[in-house]
Amino acid sequence: MNIKITYNWLLEYLDTDVSPYDLQKYLSLCGPSVESLEKVEDDYIFDIEVTSNRVDMASVFGIAQEAQAILPRFGRKAKLKQNPPSDLRFENLNIKDGARQLKIQIRNSKLCLRFTALTLSNVTVGKSPDLVSKRLKLCGVKSINNVIDISNYLMIALGQPTHIFDYDKIKDHAMILRESKKGEEITTLDGTKITLPGADIVIEDGSGRLIDLCGIMGGLNSAVTNKTKNIVLFVQTYDKQKIRKTAMTTGQRTLAATYFEKGLDEERVEPTLVYGVELLKKHANAVISSPLYDIYPVPYKEKTVSISMSEVNRIIGVKIVKNEVVKILNSLGFLHKERRSKTQLAFTVPSWRKDDISMKEDLVEEIARIYGYHNLPNVLPPMAYARRWKEQDESIAMQQKIKYLLKHLGLCEVVNYSMISKDDIVGLSLSEKNHLKLSNSISEDLLYMRTTLVPSFIKNIKENQGKKESLRFFEIAKVYYPKVDSLPTEVYKLGIATNTSFSDLKGILEVLLSELNIKNSEIRQGNVPFLLPHVQAKAVSNGDNLGFFGQLTSKIQEKHGLKKPVFLAELEFQSLVDNYKVVAPYETISPYAVIKLDLTAKIENYEEFRKSAFAKSKFLKQIEVVDVFGNKVTVRLYFTSPKRNLTEKEAQEELSKIKERIKG
Amino acid sequence: MSDSDTIRSAFLSELNKITSLSDLENVKIRYLGRKGEINTFLSKLKNIQPNERKKVGLKVNELKKEIKKRLEERKVSLLLRQEKELKIDVTLPGFKYPRGGLHPVTIAIEEVAKIFEKIGFIHLSYPEVEWEYYAFESLNMPDGHPARDDFETFFIDSKPHPKLGQMLLTPHTSSGQNREMKRLKKPPIRMINIARCYRPNWDVTHVPMFYQFEGLCVDERINLTHLKGTLDYFVKEFFGAKREARVRPFHFQFTEPSFEVDVSCGACFGKGTVSGEKCRVCKSGWLELGGAGMVHPFVLKEGDIDPKKYSGFAFGWGVERVFMMKEDFKLDDLRTMYSGDVRFLEQF
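**Observations regarding the overall build of chain B**
Logical step 1: Regarding its fold elements, chain B presents eleven helices and eleven strands.
Logical step 2: The C-alpha radius of gyration computed for chain B amounts to 39 Å, which surpasses the reference 20 Å derived for 348 residues by more than 25%, pointing to a less compact arrangement than a globule.
Logical step 3: The principal-axis extents of the C-alpha atoms in chain B amount to approximately 120 × 50 × 45 Å.
Logical step 4: A burial count over chain B gives 42% of its 348 residues as buried.
Logical step 5: Contacts spanning at least 24 positions in sequence make up 66% of the contacts within chain B whose residues lie at least 6 apart.

Laid out in C-alpha cells, this is it:
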C-alpha cells in the first residue's frame, strides 16, 4: 500500500536535521521506498510504498520510528520527540464513571482482538482547524467536519483506523459484535447498500439493525452529522483474514480495510484512543462521559527470536561485530536479552513487529538493511558445476539456430499469445475437448490453450493485409495437449506462414532441412483438414513425422477475408532436434568428370520420378529441377562414376533408361 | 638487312596500331605464338652458317624479350585507360536481399541467457501450465495469503490435484525454483529459467502473456554479497560497464531478506540531474528493474534442501522490461509487442 505523509507533520515526532530530499534517499535505501517527493507551499509530501508486512510503518509516527533507526547510519541526527505508545496512556485521561454507558457484547473473541470505546459528550460539530484540514488535504483525504477529520487524522498519524458513532443513534446504546448472516443488509456511510456474503464482522444495536461493517465502513444509520451532540470513539483491531475477505467480496476496498487486513498492533489501540480524546477535547469541545471500555482478552506477550553471530555473518557475507548487531536491532525496538548462551543472541520482538519477525532470517534482514546494503561488497558466486539438462540444451540451441536461419531468409519472427478463442478451434474443424480451457479468462480471444500455431498465423496474415505485400512469418512456441489427471504435454512447434507461394514455403522448408543436415526426408500425402487436399503434404525422416505443409482451404481463406492464398507449415520441433546432424556425412571429392544432361518431360509426381531415376541408373549422382512450365518439368541430371571417367555416350545411355521409365 | 630487324620494325608498327586488349592478344599470337614470327624465324636458323648462327640466335632472343616487354607495357596502359572509363554510380542500391526480423523478446532472451551462462548458470524453461503448489505453496504463499494478490492468476478448468491444487498458467517463473531443486536433488544449483508467464490483465501497460527470467543460485555459503555481485555483473554486462545495480529493502514471501533492484540511469548515471537540469529519463537517478532476495528457508525445505547447510539467492524480472530499458525505447502501448504487426516485427 502507498501512504502520503508530510515533512512538517513528521517533524512533530522526529527531531532531525535531514532535508526532505536526503530523507527520501536514505529511507529508500534502508527502509520503505519513497516513490515521490513534492513541495507544496511550506511543506513537502512524501508518497511512500509500504510493503504488506510492514503496516506498522504506514503512518507519520511509523515513518518517524524507521527514520530514527536509519538516519544515524548516514551521520544524521534523528531522535523521537514523542513516543505515543509510551507517552499516551489511558491513565492520562483520568476517566471516571460517566452516565452515557454502552452495553457491549462480543459474541466471538477471535473476531475482535481488542475492543475499546469511549463516549464523549457536548460535542460541537463544525469546521476543522486549518492545520488539520490542510494536512489531510496534502495527504489526499477530503476534509468533512472536525469530528470525522479527527478520525482520519488519527489513522494517518498513528496508523490505526478509528470510527466515530453518533451515540444517540445507537438503539439502547447496545453494541453486539458478531458474524453477519448471509444476505443481511447494511447501508454504509457513503450511501452504498451492501448485501453481506455472511461471516463478516458487524455490529448490531439494540433494535437488531446493523450499525457498522467492522473494519470497512460505519453504517449510515449511526453516522455523525452536524446535529450530533454525543459520540462514541471506537478503536479496535480485528481478525485480518475476515476483513480481507469482506473487503474483497463486497468490493469496499476502503483505506481502513487496507490497514485492518494486514493485521494491526493491539498495543497501538491505546495511544490512538488517548490521542483521539485529546484532539476531540481540543477541537470539538468534547467531554468524556462514559467509563472506558477496553476488552483485550489476550494481551500481547513478548516473544523472543535468537540468532548467532556466525549465522549473521554467513547470510550477510561480511563480518559485523556483536555490538553493532545489538545496536542496530535496539534502534528498531528489538531488545537484547542477556542470556548465558555464548553463541546465541536473544532479542525480544516489539509488539508492532510480531507478525513480521519470527525467525533468524527475519532478524538478518533487519541487521543487513540498517547496516546498509550499499555498504556490502559485490562478489560473484563461486563457479560450480550444476548438472545440465541435455534435452533442454539441445532444444534451446536448435531454436536459436533456426530462428537466425529463417530471419536471414527474410521471415519475421512473431510471438503470439498461447491462448485462442472457441471460433479459432471450430474454424479449423478441431475439437474443443482436446484443448485446455481457462476458467477465469478475461476475453473470448483468450479462452483455450492452443494445440496448433495455425489460428494465430491466420490472425497474423489477416491483420497485416495491406500493410505489406508479401507476408512471411514464423514462430517457435509451445502447444499444450491435455492429459487426464495430469499436467498437459507441452511441446514446441515450428510454424511458418506466408501469403506468397507454395514453392516459397517449400523452398524455406528445404533449406531448413538442408541446414540441419536432415538428408533423407520423404514427402508423403498429407491429410490435414484445414489444408487443400491436393496442395498439402507431410514430411517424414527416419520414421519420424517432421510435420505438415500446404495451402489453407478456400473456405477458411474466404471466411477470414484473406485476399491471397495462405501457405502454412507446422513442424514437430523435437523431430528436427532428433534428426539433426551437426555435420553431414563427408563424401570424398571425386577426381572423375561429371556429365550433366537436361531432360524435359511431363512429370506427374517428382518424388516418384526421382526415386525411380536413382533406382534405374547407378551413375546418377544428383538431380536438379531447372524449370517448370505447365506440367512440363526440366530436370538436370548429373552422371559420374567413382572409378573412372564416363563417356558422353555412356551418360546418354543412362538417360535413355530413365526416359523409358517415364513412358512406362 | 637481317630478318630480325624486319620482324622488329613490322612489330613496332603493329604495336602502334593496337587499340584494344583483343588487338593486343592477336599481335601477341602473331609474333610469340607457337607458329608466330619468332618461332618461324628460329626454325630457319639451321639454314644459317654455323659461325653466324650464334650471333643471329642471340639477336632473335633479345628481340623476343623486347616484344614481350613492349606488349606487357602496352597491356598495362590499355588497362589503365579502360579503368578510367569504367564508372558506376556507387550511390545506387545493390541487389535486394531479404532481411527478416527476430522478435525483440528473442533478442533479449538470447542476451540474458548468454550473460548468465558465462558464470555457470543453466538456461532452461519450466512448464507454463503448472500446479498451484509450485506457483504458490512451495513459495511460502499458502492459500488465502494476500501476497497471492500480487500474482493474479489464470486457472485451468480441470479437476484439482489432490495434493498439488488447481492447474494454472504460471504467473511468474518462480514456480521453477522448487522444480529445479527437485531435479538436482542437491546443490549446487545455478539456474536461469526463462519462460512465458500469464496474468489476467490486458491494457496499455499490461499484456496477458509476457516473459520472465528467474535466476536461482543455491550452494554452501551463498550470501548477500553474492547476490549483489551477480546483480551488478548482470547490469554491467547487459546495460553497460558504467551502470550500477543497487538493492532496496522490499518484501516477498519467498525470499528473506527481499529486495527491489534498481539500475543506475543511463542518462544521468544515478545523479538524477544532467548538467544541472532534472534528468528526463529517470525520476531520481535510478530505474526499477525487479525483485530479488535470499531464498526463504521454507522454500529450501520444500525443495528438500537443508537450510542449515545451504543458502541461496533468487531474482525474477521481466524480459520485455529489461529489453525496453536497455534499448531505451518506450512503447506507447505494450500490446504492440504481441500484436504481430509486421511494421513492428521487421524492425528487429
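**Thoughts on the overall build of chain A**
Logical step 1: Across its full length, chain A holds 20 helices and 32 strands.
Logical step 2: Rg of the C-alpha trace for chain A: 39 Å, well past the compact-globule value of 26 Å for 664 residues, more than 25% over.
Logical step 3: With the C-alpha coordinates of chain A rotated into their principal frame, the extents come out at 130 × 60 × 50 Å.
Logical step 4: Counting over 664 residues, chain A shows a buried share of 43%.
Logical step 5: Considering only residue pairs separated by 6 or more positions, chain A has 68% of its internal contacts joining residues 24 or more positions apart.

**Section: the nonpolar core**
Logical step 1: One finds Ile5, Val60, Ile231, Leu233 and Ile367 of chain A together with Val319 of chain B to be the most contacted residues of the largest nonpolar core, which totals 246 residues.
Logical step 2: Examining the composition of this core, we find that nine residues originate from one element, helix 6 (residues 146-158) of chain A, more than from any other.
Logical step 3: Excluding residues within four positions of it along the chain, Val60 of chain A makes contact with Ile5, Trp9, Leu10, Tyr13, Ile156 and Ala157 of chain A.
Logical step 4: Core analysis: the next-biggest nonpolar cluster, separate from the first, contains nine residues, Ile595, Phe639, Ala651 and Leu655 of chain A among them.

**A short note on the domain arrangement of chain A**
Logical step 1: As far as domains go, chain A holds domain 1 (2-82), domain 2 (90-295), domain 3 (303-372), domain 4 (390-579) and domain 5 (595-663).
Logical step 2: Of note, the centres of domain 3 of chain A and domain 5 of chain A, computed from C-alpha atoms alone, are 85 Å apart.

**Some thoughts on the domain arrangement of chain B**
A common way to express how large an interface is: the accessible area buried when the components associate.
Logical step 1: For chain B, the assigned domains are domain 1 (3-85) and domain 2 (104-345).
Logical step 2: The C-alpha-based centres of domain 1 of chain B and domain 2 of chain B are spaced at 82 Å.

**Quick word on the environment of Lys301 of chain A**
Residues and elements named next belong to chain A.
Logical step 1: Here Lys301 is to be found in the loop between strand 17 (293-295) and strand 18 (303-308).
Logical step 2: With 7 C-beta atoms counted inside 10 Å, the residue Lys301 sits in the exposed group.
Logical step 3: Remark: the alpha-carbon pair of Lys301 and Lys478, spanning 177 residues in sequence, is separated by 54 Å.

**A short note on the sheet that holds strand 18 of chain A**
Residues and elements named next belong to chain A.
Logical step 1: Spatial strand order, 18-20-19: three strands in an open sheet with antiparallel pairing. Strands with a single pairing partner mark the edges of an open sheet, and in this sheet they are strand 18 and strand 19 (335-337). Put simply, the sheet's adjacent strands are angled 40 degrees from each other on average, direction ignored.
Logical step 2: Taken together, the three bridges between strand 19 and strand 20 (residues 344-349) define a ladder with antiparallel strand orientation. Directly across from Leu335, in strand 20, lies its bridge partner Thr348.

**Quick notes on the sheet that holds strand 31 (residues 620-629) of chain A**
All names here are of chain A.
Logical step 1: Ordered in space as 30-32-31, the three strands form an open sheet in which the pairing is antiparallel. Every other strand in the sheet has two partners, leaving strand 30 (595-602) and strand 31 as the edge strands with one partner each. Across this sheet, the average inter-strand angle for adjacent strands is 25 degrees, counted without regard to direction.
Logical step 2: Pairing of strand 30 with strand 32 (residues 632-639) involves eight bridges; the strand directions are antiparallel. Pairing of Ala601 across the sheet is with Val633, part of strand 32.

**Comments concerning helix 6 of chain A**
Residues and elements named next belong to chain A.
Logical step 1: Here helix 6 contains 13 residues, and its C-alpha end-to-end distance of 18 Å stays within 8% of the 18 Å for a straight helix at 1.5 Å per residue.
Logical step 2: Of all 13 residues making up helix 6, 13 are buried, and the element is well covered by its neighbours.
Logical step 3: Just downstream of helix 6 lies Gly159, where phi reads positive at about 80 degrees.

**Some words on the interface of chain A and chain B**
Logical step 1: Counting from both sides, the interface comprises 78 residues of chain A and, opposite them, 70 residues of chain B.
Logical step 2: Considering each element in turn, the side of chain A that touches chain B owes the most residues, seven residues, to helix 13 (residues 390-408) of chain A.
Logical step 3: Residue composition of the side of chain A that touches chain B, by class: 35 nonpolar, 22 polar and 21 charged.

**Focus: the pairing of strand 4 (residues 189-198) of chain B**
Residues and elements named next belong to chain B.
Logical step 1: In terms of residue burial, strand 4 counts as a mostly covered element, since ten of its ten residues are buried.
Logical step 2: Both strand 1 (residues 122-124) and strand 4 contribute to a ladder of three bridges, which runs parallel. Counterpart to His123 in the pairing with strand 4 is Ile192.

**Notes on the packing of helix 2 (residues 20-30) of chain A against helix 3 (residues 60-70) of chain A**
All names here are of chain A.
Logical step 1: Two numbers describe how helix 2 lies on helix 3: the axes approach to 10 Å, and their chain directions differ by 85 degrees. Here helix 2 is positioned roughly perpendicular relative to helix 3, judged by the angle of their axes. Residues Leu23, Tyr26, Leu27 and Cys30 of helix 2 lie in contact with helix 3, whose contacting residues are Glu66, Ala67 and Ile70.

**Side note on helix 15 (residues 454-464) of chain A**
Logical step 1: Summarising burial for helix 15 of chain A: nine of the eleven residues are buried, a large majority.
Logical step 2: Regarding helix 15 of chain A, the residues found buried are Val454, Pro455, Ser456, Phe457, Ile458, Lys459, Asn460, Ile461 and Asn464 of chain A.
Logical step 3: Check the buried side of helix 15 of chain A and you find it contacts strand 22 (419-420), helix 14 (422-427), strand 24 (472-483), strand 25 (486-498) and strand 29 (567-572) of chain A together with helix 11 (342-345) of chain B.
Logical step 4: Phi turns positive, to about 90 degrees, at Gly466 of chain A, one or two residues after helix 15 of chain A.

**Some points on the packing of helix 11 (residues 322-331) of chain A against helix 12 (residues 360-371) of chain A**
All names here are of chain A.
Logical step 1: Taken N-terminus to C-terminus, the directions of helix 11 and helix 12 make an angle of 95 degrees; their axes are 9 Å apart at the nearest point. Looking at the two axes, helix 11 sits roughly perpendicular to helix 12. Together, Val325, Ile328, Leu329 and Ser331 of helix 11 and Leu363, Glu366, Ile367, Ile370 and Tyr371 of helix 12 make up the contact between the two elements.

**Details of unusual backbone geometry**
Residues and elements named next belong to chain B.
Logical step 1: Cis geometry is adopted by the peptide bond preceding Pro188, which originates at Pro187 and carries an omega value of 5 degrees.
Logical step 2: By secondary structure assignment, the location of Pro188 is in the loop between helix 7 (175-184) and strand 4.
Logical step 3: Residues Glu256 and Pro257 are joined by a peptide bond in cis, for which omega reads -5 degrees.
Logical step 4: Summarising the element assignment, Pro257 is placed in strand 7 (residues 255-264).
Logical step 5: The backbone phi angle of Lys185 is positive, close to 70 degrees, even though this residue is not glycine.
Logical step 6: One non-glycine residue with positive phi stands out, namely Arg221, at about 55 degrees.
Logical step 7: Tracing the chain through its elements places Arg221 in the loop between strand 5 (209-220) and helix 8 (224-239).

Each value, and the rule that gives it
- Residues numbered from 1 in each chain as written.
- Chains lettered and ligands numbered in written order.
- Predicted model: local features only at pLDDT ≥ 70, side-chain atom pairs only at ≥ 80, totals over all residues.
- Helix = DSSP H or I, 4+ residues; strand = E, 2+ residues; numbered from the N terminus.
- Rg over C-alpha atoms; globule rule 2.2 N^0.38 Å.
- Buried ≥ 20, exposed ≤ 12 C-beta atoms within 10 Å, placed from the backbone.
- Contact = placed C-beta atoms within 7 Å.
- Core = buried A, V, L, I, M, F, W, Y, C linked by C-beta atoms within 7 Å.
- Domains from an automatic or database assignment.
- Pairing = 2+ DSSP bridges.
- Axes fitted to C-alpha atoms, helices over the stretch in contact; angles between N-to-C directions.
- Expected span 1.5 Å × (residues − 1).
- Nonpolar A, V, L, I, M, F, W, Y, C, P; charged D, E, K, R; others polar.
- Parallel < 35°, antiparallel > 145°, perpendicular 65-115°, else oblique.

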